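Spelled out from the first residue to the last, the chains are:
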Amino acid sequence: MHVLINPMPVYGLSMGVVAMIVALAYRRRPAIVAAFILLFLAGLSAWPTYHYGQAAYDRVKSMSDTVGGQWLDEHMARAEKLIYAFYVLAGVAAAGLLAPLKWPRTSTPLASGALVLAMVTLGIGGWISYPAGHVRHKEFRFEPP
């Protein structure tokens, strides 16, 4: 299951970042709401990805060679440390959806802040993902884990 859903946080964040850039360029509230929804869903999708990754750890470790197992350990360590960035992003996106209903002037600052946080979280997602490609693919191993 992890293999099927692991692109969701990174690809979803990529779409959310592009949507937020376009929404901020046009300064249209419906576009900003759509971008916040994408960021919220991408942030939340990190939880099942993390959950199923932990569930598959032992199975994948047993199928991997020694170096692949080291890459898997690195992938898991990074995910355990930094998964919370996705949850913070989901919280900020939820705040960006709700706060402007009461305080309309907060829409653009929240969207700008969420965009920066989404870009940072996207980088974190890439950093977490990098070792995973090395677990079963020896052709990608150009450096030690």
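Residues numbered from 1 in each chain as written. Predicted model: local features only at pLDDT ≥ 70, side-chain atom pairs only at ≥ 80, totals over all residues. Heavy atoms only, no water.

**Digging into the overall build of the protein**
And step 1. Helix and strand counts for the protein stand at eight helices and zero strands.
And step 2. Walking the protein from its N terminus toward its C terminus, one meets helices and strands in the order α-α-α-α-α-α-α-α.
And step 3. A principal-axis box enclosing the C-alpha atoms of the protein has dimensions of 55 × 25 × 20 Å.
And step 4. Classification of the 145 residues of the protein by burial places 36% in the buried group.
And step 5. Intrachain contacts of the protein at a sequence separation of at least 6 include 76% that bridge at least 24 residues.
And step 6. For the protein, the accessible area works out to roughly 8,400 Å², and carbon and sulfur atoms hold 70% of it. (Helix = DSSP H or I, 4+ residues; strand = E, 2+ residues; numbered from the N terminus. Buried < 20%, exposed > 50% of the residue type's maximum accessible area, 1.4 Å probe, protein only. Contact = heavy atoms within 4.5 Å. Areas by Shrake-Rupley, 256 points an atom, 1.4 Å probe, with all protein chains shown as cover.)

**Some details on the environment of G91**
And step 1. The topology assignment puts G91 in helix α6 (residues 84–102).
And step 2. Overall, G91 belongs to the partly exposed group, its relative accessible area being 40%.
And step 3. C-alpha of G91 to C-alpha of E80: the two residues are 11 residues apart in sequence and 19 Å apart in space.

**Focus: helix α7 (residues 107–129)**
And step 1. An ideal rise of 1.5 Å per residue puts 33 Å on 23 residues; α7 measures up with 32 Å between its terminal C-alpha atoms.
And step 2. Within the span of α7, buried status applies to S107, A111, A114, L115, A118, T121, I124, G125 and I128.
And step 3. Buried residues belonging to α7 abut α2 (7–26), α3 (29–44), α5 (66–82), α6 and α8 (132–135). (Expected span 1.5 Å × (residues − 1).)

**Comments concerning α2**
And step 1. In this model, α2 (20 residues) spans 28 Å end to end at C-alpha, consistent with the 28 Å of a helix rising 1.5 Å per residue.
And step 2. Those residues of α2 that fall on the buried side of the exposure criterion are P9, V10, G12, L13, G16, V17, M20, A23 and L24. The arc that holds every buried residue of α2, seen down its axis, measures 160°, which confines them to one face. For α2, the exposed residues lying more than 90 degrees away from the buried face are Y11, V18, A25 and Y26.
And step 3. Positive phi appears at R27, one or two residues downstream of α2, with a value of about 50°. (Arc of directions from axis to C-beta.)

**A closer look at a nonpolar patch on the surface**
And step 1. A cluster of nonpolar side chains, M1, L4 and Y52, forms an exposed patch at the surface whose accessible area comes to about 350 Å².
And step 2. Within the secondary structure, Y52 is located in helix α4 (residues 46–63).
And step 3. Under the relative-accessibility criterion, Y52 is labelled partly exposed at 33%. (Patch = residues over 30% accessible without salt bridge, like charges linked within 9 Å, V, L, I, M, F, W, Y side chains within 5 Å. Salt bridge = Lys/Arg side-chain N within 4 Å of Asp/Glu carboxyl O.)

**Digging into the environment of D73**
And step 1. Among the secondary structure elements, D73 is positioned in helix α5.
And step 2. Classification of D73 by relative accessible area gives partly exposed; the value is 32%.
And step 3. In this structure, the C-alpha to C-alpha distance between D73 and K61, residues 12 residues apart in sequence, is 8.7 Å.
And step 4. Sequence-distant contacts of D73, that is, excluding residues within four places in its chain, are made with Y57 and K61.

**Some words on the pattern of salt bridges**
And step 1. Enumeration over the complete set of coordinates arrives at one salt bridge.
And step 2. The closest approach of N and O atoms between E74 and R78, which form a salt bridge, is 2.7 Å. Placement of the pair is E74 and R78 together in helix α5, with a separation of four residues, close to one helical turn.

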